[in-house]
Amino acid sequence: IRYLTYAALPALLLTPLRRRQLAAPCGLLLGLGFGAYTATPYRRLAKYLPRLSWLDRLHAIALVPLIRVVGDIAKMAGYPVGVLWRWRRMGLRTED
């Protein structure tokens, strides 16, 4: 699902540039997706925000999507490496 989501993202971002009538549906999908993607970390962050200064609050809020994207990229990069490692460990040969 993670790979498919990131593969579809460019299409959702670029479609409104080519077809103006699809700007609203693409924007709606992006907004709903962003909300679902960041809901849990923002919910967890909410209990700590009152203790932070306004500038630290802005930083924390802005970093949530960045942290999620970096984590996803790390998982997507690490998954194939782990699969190859398991195959080699189980005795399955792959071409390097």
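Please refer to the structure placed before this passage.
Residues numbered from 1 in each chain as written. Predicted model: local features only at pLDDT ≥ 70, side-chain atom pairs only at ≥ 80, totals over all residues. Heavy atoms only, no water.

Some points on the overall build of the protein chain
Now for step 1: Counting secondary structure elements, the protein chain contains three helices and zero strands.
Now for step 2: Reading the helices (α) and strands (β) of the protein chain from amino to carboxyl end gives α-α-α.
Now for step 3: The C-alpha radius of gyration computed for the protein chain amounts to 19 Å, which surpasses the reference 12 Å derived for 96 residues by more than 25%, pointing to a less compact arrangement than a globule.
Now for step 4: C-alpha extents for the protein chain along the principal axes are approximately 55 × 45 × 15 Å.
Now for step 5: When each of the 96 residues of the protein chain is scored for burial, the buried share is 12%.
Now for step 6: Long-range pairs, those at least 24 residues apart, make up 40% of the contacts in the protein chain between residues at least 6 apart in sequence.
Now for step 7: Accessible area of the protein chain: about 8000 Å², with a carbon and sulfur share of 68%.
Now for step 8: For the protein chain, the separation between the mean place of its 15 positive charges and that of its 4 negative charges on side chains is 12 Å. (Helix = DSSP H or I, 4+ residues; strand = E, 2+ residues; numbered from the N terminus. Rg over C-alpha atoms; globule rule 2.2 N^0.38 Å. Buried < 20%, exposed > 50% of the residue type's maximum accessible area, 1.4 Å probe, protein only. Contact = heavy atoms within 4.5 Å. Areas by Shrake-Rupley, 256 points an atom, 1.4 Å probe, with all protein chains shown as cover. Lys, Arg positive; Asp, Glu negative; His and termini not counted. Charge placed at Lys NZ, Arg CZ, Asp CG, Glu CD.)

With respect to the side chain of Thr38
Now for step 1: With respect to the helices and strands, Thr38 occurs in helix 2 (residues 23–46).
Now for step 2: Residue Thr38 is classed as buried on the basis of its relative accessible area of 2%.
Now for step 3: Residues contacting Thr38, with those up to four places away along its chain left out, are Val64 and Pro65.

Some points on the pattern of salt bridges
Now for step 1: One pass over the full model with this rule turns up one salt bridge.
Now for step 2: The partner of Arg2 in a salt bridge is Asp72, and the shortest N-O contact between them spans 2.9 Å. Taken as a pair, Arg2 in helix 1 (residues 2–18) and Asp72 in helix 3 (residues 54–89) lie far apart in primary sequence, 70 residues in all.
Now for step 3: What makes Arg2 partly exposed here is its relative accessible area of 34%. (Salt bridge = Lys/Arg side-chain N within 4 Å of Asp/Glu carboxyl O.)

A short note on the environment of Tyr6
Now for step 1: With respect to the element layout, Tyr6 can be found in helix 1.
Now for step 2: Relative accessible area serves as the criterion here: at 21%, Tyr6 is assigned to the partly exposed category.
Now for step 3: Residues Tyr6 and Ile73, spaced 67 residues apart in sequence, show a C-alpha to C-alpha distance of 9.5 Å.
Now for step 4: Among the polar contacts made by the side chain of Tyr6, one reaches the side chain of Asp72 at a distance of 2.8 Å. (Polar contact = N/O pair within 3.5 Å; in protein donor to acceptor, adjacent residues only side chain to side chain.)

Here we look at a positive patch on the surface
Now for step 1: A contiguous patch of positive charge on the surface is contributed by Arg43, Arg44, Lys47, Arg51, Arg68 and Lys75.
Now for step 2: Of all the secondary structure elements, the ones that give two or more residues to the positive patch are helix 2 and helix 3.
Now for step 3: Within the element layout of this structure, Arg68 appears in helix 3. (Patch = residues over 30% accessible without salt bridge, like charges linked within 9 Å, V, L, I, M, F, W, Y side chains within 5 Å.)

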